[in-house]
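A look at the structure
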Amino acid sequence: MQKELQDYLFSHIPISKAMGAEVIEASNETVAVKAPLNININHKSTAFGGSLQAIATLSCWSLLHINLRGMTNTGEIVITNSNIDYIKPVTADFTAYASLPDERRWQQFIRTFERRGKARIQLTAHIYQDDELALDYTGTFAAIVPE
């Protein structure tokens, strides 16, 4: 599933390739996307905030993509809002870890999507530096079946 997702991202979201994004884990429960510091660096020799946010968004988007792809109408996935807390500088290659929310919220999202052809859900991703939380990301994603 990792290679399939990696190929899809490079083909459909070209910035992922330019950022050196690498899918290192891809399952229905978790997606982890890694990026190298050397091409996502800022003037302070730390990871550029926009790159951190982009990789976190990409990990959450990918998690939703994986989970919806088996449905009859997979719809389009868009981000509608995001919030990010930059807790500490990232000074090395970094990985964003996204995971599904609790089962109740996930099932509510699926039921709404199947019934209405559109639904929103909040997903989270985290990036760690030296085993400490460096970035806390929350994004609201919408899945919409085109009319």
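Treat the numbers as computed from the prediction; the structure is a model and nothing was measured.

1. Brief notes about the overall build of the protein chain
Secondary structure summary: the protein chain contains 4 helices and 6 strands in total. Secondary structure elements of the protein chain, listed N to C terminal, follow the sequence α-α-β-β-α-β-β-α-β-β. In terms of overall size, the protein chain behaves like a compact globule, its C-alpha atoms giving a radius of gyration of 15 Å where 147 residues would be expected to give roughly 15 Å. Along the longest, intermediate and shortest principal axes, the C-alpha atoms of the protein chain span 50 × 30 × 25 Å. A buried classification covers 44% of the 147 residues belonging to the protein chain. Relative to all contacts within the protein chain whose residues are 6 or more apart in sequence, the contacts with residues 24 or more apart total 69%. Here the protein chain contributes 13 positively and 16 negatively charged side chains, and the mean placements of these two sets differ by 7 Å.

2. Some words on the nonpolar core
Side chains that are nonpolar tend, in soluble globular proteins, to be buried together. With 42 residues, the main nonpolar core has Ile-55, Leu-64, Leu-68, Phe-94, Phe-109, Tyr-137 and Phe-141 as its most contacted residues. For this core, the element with the most residues is helix H3 (residues 49–68), which contributes 10 residues. When residues no more than four places from it in sequence are discounted, the contact partners of Tyr-137 are Gln-53, Ala-56, Thr-57, Cys-60, Ile-79, Ser-82, Asn-83, Ile-84, Leu-123, Thr-124 and Ala-125.

3. Things to note about the confidence of the model for the protein chain
Here the protein chain averages 95 in pLDDT, and 99% of its residues register 70 or above. Highest mean pLDDT in the protein chain belongs to strand E2 (residues 30–35) (98); lowest belongs to helix H4 (residues 103–116) (94).

4. Some points on the environment of Glu-29
With respect to the secondary-structure elements, Glu-29 resides in the loop between strand E1 (22–26) and E2. Remark: the alpha-carbon pair of Glu-29 and Arg-120, spanning 91 residues in sequence, is separated by 18 Å. Apart from residues lying up to four places away in sequence, Glu-29 is in contact with Leu-63, Ala-98, Ser-99 and Leu-100.

Calculation rules
Here the residue numbering is sequential within each chain, running from 1 through the sequence in written order. Side-chain atom pairs in this predicted model are given and counted only at pLDDT of 80 or more, local residue features only at pLDDT of at least 70, and totals for whole chains, interfaces and linings cover all residues. Only heavy atoms go into the side-chain values, all of them from the structure, while hydrogens and water stay out. By definition, any uninterrupted DSSP run of H or I lasting at least four residues is a helix, any uninterrupted run of E lasting at least two residues is a strand, and each is numbered from the N terminus. With C-alpha atoms as the basis for the radius of gyration, the globule rule is written as 2.2 Å multiplied by the number of residues raised to the power 0.38. Buried means the residue's accessible area, taken with a 1.4 Å probe over protein chains only, is under 20% of the maximum for its type, while exposed means over 50%, and partly exposed covers the values in between. The contact definition used throughout considers only heavy atoms, calling two residues in contact when any of these lie within 4.5 Å. His is not counted, nor are the chain ends; Lys and Arg add positive charge and Asp and Glu add negative charge. Taken as the charge centre is NZ of Lys, CZ of Arg, CG of Asp or CD of Glu, depending on the residue. By nonpolar core we mean a set of buried residues, namely Ala, Val, Leu, Ile, Met, Phe, Trp, Tyr and Cys, connected to one another through side-chain atoms within 4.5 Å. For every residue, the predictor assigns a confidence score, pLDDT, that lies between 0 and 100.

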